[in-house]
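Tertiary structure, described
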Amino acid sequence: MLFLVPVICFSFLRPVLAALRNVTIDDTYGDPDTGVQFTYAPAGNWSLGQNCTNCEAHPDPAYTYDKSWHDTTFFPSLDTAPPNASVSFNGSAIYVYCIVYHTTSYPNNYMDLRFLIDGEETGNFNQIPTGSTEIDYNHLVYKNSSIPHGVHTFTLVNGQPGGQAALVLLDYMTYT
Ligand SMILES: *[C@@H]1O[C@H](CO)[C@@H](O)[C@H](O)[C@H]1NC(C)=O
Ligand SMILES: *[C@@H]1O[C@H](CO)[C@@H](O)[C@H](O)[C@H]1NC(C)=O
Ligand SMILES: *[C@@H]1O[C@H](CO)[C@@H](O)[C@H](O)[C@H]1NC(C)=O
Ligand SMILES: *[C@@H]1O[C@H](CO)[C@@H](O)[C@H](O)[C@H]1NC(C)=O
Ligand SMILES: *[C@@H]1O[C@H](CO)[C@@H](O)[C@H](O)[C@H]1NC(C)=O
Ligand SMILES: *[C@@H]1O[C@H](CO)[C@@H](O)[C@H](O)[C@H]1NC(C)=O
């Protein structure tokens, strides 16, 4: 009889623990559970990084998630609207990862990101490159673990009108 108590507790706890899990949405291959993909706008401003011959950034695909990433530069003098990438998810936390250079040319990885949840700006990430030649893979640029549970749209916006030329290499996003 004494052994019944822990067995009962464990069977009650199990479904609760199993309910929280992480799903990773790749920039190119999308959400493995739902098939949902990132939407890139304007589509022509984004390059499939691993296939891009005229991009200045050529990170090692082996260190990237699913050997893929998306590359865009906002040129304030040429582009009226900053490029963005959006995706929907059902969850309560998100973690957004980029590949980050620190060089000032080829590529100049000045970064000026803004993050929106359901159209509301909730965060940003800025970098003035130091000149270091190290490349950071799996660089967390935005985390939010206090999102009301449910279906939401996440948007990353690269650069702002009147700002400087800004580069981003988007690799993947994880949601809980
Ligand atoms: C999801 O991933 C984040 C970032 O790695 C981690 O902090 C968190 O504990 C993970 N959550 C679950 C439920 O595995
Ligand atoms: C994303 O870019 C498209 C095309 O420029 C624009 O219509 C849309 O409003 C932008 N979305 C956000 C959230 O900035
Ligand atoms: C970005 O997209 C806009 C709208 O399609 C286009 O006018 C502009 O030339 C593009 N910029 C670059 C750098 O490709
Ligand atoms: C990217 O390159 C791979 C391998 O060369 C090819 O299979 C794929 O179709 C290319 N994708 C696009 C969108 O060009
Ligand atoms: C979102 O996820 C929760 C918990 O997993 C589930 O109960 C709910 O039905 C999902 N909502 C949608 C619209 O898929
Ligand atoms: C997380 O997202 C919610 C909206 O879903 C927002 O109210 C909150 O400020 C965000 N927190 C962070 C740290 O970005």
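Structural data are supplied above this passage.
Please read all numbers here as calculations on a predicted model, not as lab measurements. (Residues numbered from 1 in each chain as written. Chains lettered and ligands numbered in written order. Predicted model: local features only at pLDDT ≥ 70, side-chain atom pairs only at ≥ 80, totals over all residues. Heavy atoms only, no water.)

A closer look at the pairing of strand β6 (residues 94–101)
Inclusion rule: Exposure is judged per residue with a 1.4 Å probe applied to protein chains only, and the accessible area is read against the type maximum: over 50% gives exposed, under 20% gives buried, and values in between give partly exposed. Helix and strand definitions here come from DSSP, where helices need a minimum of 4 consecutive H or I residues and strands a minimum of 2 consecutive E residues; each element is numbered from the N-terminal end. Here, strands pair whenever DSSP counts at least two bridges between them.
Of all eight residues that make up β6, eight are buried, and the element is covered over most of its length. Because side chains alternate across β6, one face comprises the buried residues Ile94, Val96, Cys98 and Val100, and the other comprises Tyr95, Tyr97, Ile99 and Tyr101, equally buried. Taken together, the seven bridges between β6 and strand β9 (residues 135–144) define a ladder with antiparallel strand orientation. If you follow Tyr95 over to β9, its bridge partner there is Lys143. Sheet topology note: the β6/strand β11 (residues 166–175) ladder contains five bridges and is antiparallel. When the bridges of β11 are listed, Val96 appears paired with Met173.

Some points on unusual backbone geometry
The omega torsion of the bond from Ala41 to Pro42 falls at -20 degrees, within 30 degrees of zero and hence cis. Looking at where Pro42 falls in the secondary structure, it is placed in the loop between β2 (39–41) and β3 (47–48). The linkage connecting Tyr106 with the following residue, Pro107, adopts the cis geometry, with an omega of 0 degrees. Along the chain, Pro107 falls in the loop between β6 and β7 (111–117). For Lys67, which is not glycine, the phi torsion reads 55 degrees and is therefore positive. Within the secondary structure layout, Lys67 lies in the loop between β3 and β4 (70–74). A residue is classified by how much of its surface remains accessible, and Lys67, at 54% relative accessible area, is exposed. For Asn138, which is not a glycine, the phi torsion comes out positive at approximately 50 degrees. Tracing the backbone through its elements, the reader meets Asn138 in strand β9.

Considerations on the nonpolar core
To keep it simple, the criterion reads: Take the buried residues of types Ala, Val, Leu, Ile, Met, Phe, Trp, Tyr and Cys, join any two whose side-chain atoms come within 4.5 Å, and each joined set is a nonpolar core.
Among the nonpolar cores identified, the biggest contains 26 residues, and Ile94, Leu113, Phe154, Leu156 and Met173 are the most heavily contacted of them. Of all hydrophobic cores here, the second largest spans seven residues; its members include Ala57, Trp69, Ile99 and Tyr137.

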